[in-house]
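Here are the chains, one letter per residue:
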Amino acid sequence: MTYASPVFAHAAPKALHRLQVIQNKFCRAATDAHWCVRNSILHRDLELPTISKYMKDALKRFFDNAGSHPNALLCAAVDYQPPPSTHLIRRPRNVLTDPPDALTAAVKSLNDVNYTHD
């Protein structure tokens, strides 16, 4: 799944949510966490990015690396401008400008609070 994450990054939100649910279940099982522990706390303590954050980071690395690739077609894919967010066809570059989902935002805010107190 991580190999093709630049392609899956702009999948339907419902499909990404299903993957996130599976990741949350594995995190809970691996840590033997009680049901009342929030998923954002698990991700923060495990230092594990959410599915959408991981895919956004992988997509950003892909576009950064593709610009210097010797293949002209790959370089051309980097130079296109994404259509406006109101456009019906979504392209991978649109994912970089999308706002984070609720879980990713919660983990980020928890990390920000921890860094200010350290």
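Residues numbered from 1 in each chain as written. Predicted model: local features only at pLDDT ≥ 70, side-chain atom pairs only at ≥ 80, totals over all residues. Heavy atoms only, no water.

- Looking up the protein chain in an unreviewed UniProt entry gives the name Probable RNA-directed DNA polymerase from transposon X-element, with the organism given as Eumeta variegata.

### Here we look at the overall build of the protein chain
Phase 1 of the analysis: If you tally the helices and strands in the protein chain, you get seven helices and zero strands.
Phase 2 of the analysis: When the helices and strands of the protein chain are listed from N to C terminus, the series reads α-α-α-α-α-α-α.
Phase 3 of the analysis: Classification of the 118 residues of the protein chain by burial places 26% in the buried group.
Phase 4 of the analysis: Taking as baseline every contact in the protein chain between residues at least 6 positions apart, the subset at least 24 positions apart corresponds to 58%.
Phase 5 of the analysis: Carbon and sulfur atoms make up 62% of the accessible area of the protein chain, which amounts to about 8,400 Å² in all. (Helix = DSSP H or I, 4+ residues; strand = E, 2+ residues; numbered from the N terminus. Buried < 20%, exposed > 50% of the residue type's maximum accessible area, 1.4 Å probe, protein only. Contact = heavy atoms within 4.5 Å. Areas by Shrake-Rupley, 256 points an atom, 1.4 Å probe, with all protein chains shown as cover.)

### Quick look at the packing of helix α2 (residues 13-31) against helix α3 (residues 39-46)
Phase 1 of the analysis: In contact at an axis separation of 10 Å, α2 and α3 are set at 65 degrees when each is read in the N-to-C sense. Taken together, α2 and α3 sit at an angle that is classed as roughly perpendicular. By crossing handedness, the relation of α2 to α3 is classed as left-handed. Facing α2, whose interface residues are Gln20, Gln23, Asn24, Cys27, Arg28 and Thr31, α3 presents Asn39, Leu42, His43 and Leu46.
Phase 2 of the analysis: Partitioned by chemical class, the residues of the contact of α2 with α3 number three nonpolar, six polar and one charged. (Axes fitted to C-alpha atoms, helices over the stretch in contact; angles between N-to-C directions. Parallel < 35°, antiparallel > 145°, perpendicular 65-115°, else oblique. Left-handed = near helix turned anticlockwise from the far one by under 90°. Nonpolar A, V, L, I, M, F, W, Y, C, P; charged D, E, K, R; others polar.)

### Examining the packing of α2 against helix α4 (residues 51-66)
Phase 1 of the analysis: Contact pair α2 / α4: the axes reach a minimum separation of 9 Å and the direction vectors enclose 115 degrees. Each of Leu16, Leu19, Gln20 and Gln23 in α2 lies in contact with α4, whose residues at this interface are Ile51, Ser52 and Met55.
Phase 2 of the analysis: Among the residues making up the contact of α2 with α4, the classes are represented as four nonpolar, three polar and no charged.

### Observations concerning unusual backbone geometry
Phase 1 of the analysis: Although it is not a glycine, Asp32 sits at a positive phi angle of roughly 55 degrees.
Phase 2 of the analysis: With respect to the element layout, Asp32 can be found in the loop between α2 and α3.
Phase 3 of the analysis: Phi is positive for Glu47, close to 50 degrees, though the residue is something other than glycine.
Phase 4 of the analysis: With respect to the secondary-structure elements, Glu47 resides in the loop between α3 and α4.

### Some points on the pattern of salt bridges
Phase 1 of the analysis: Tallying each qualifying case throughout the model produces four salt bridges.
Phase 2 of the analysis: A salt bridge links Arg44 to Asp45; the nearest nitrogen and oxygen atoms lie 3.0 Å apart.
Phase 3 of the analysis: Judged by its relative accessible area of 52%, Asp45 is exposed.
Phase 4 of the analysis: As a salt-bridge pair, Asp112 and Lys108 come within 3.2 Å of each other at their nearest N and O atoms. One end of the pair, Asp112, and the other, Lys108, are both in helix α7 (residues 102-117), four residues apart, so they sit about a helical turn from each other.
Phase 5 of the analysis: Classification of Asp112 as partly exposed rests on a relative accessible area of 37%. (Salt bridge = Lys/Arg side-chain N within 4 Å of Asp/Glu carboxyl O.)

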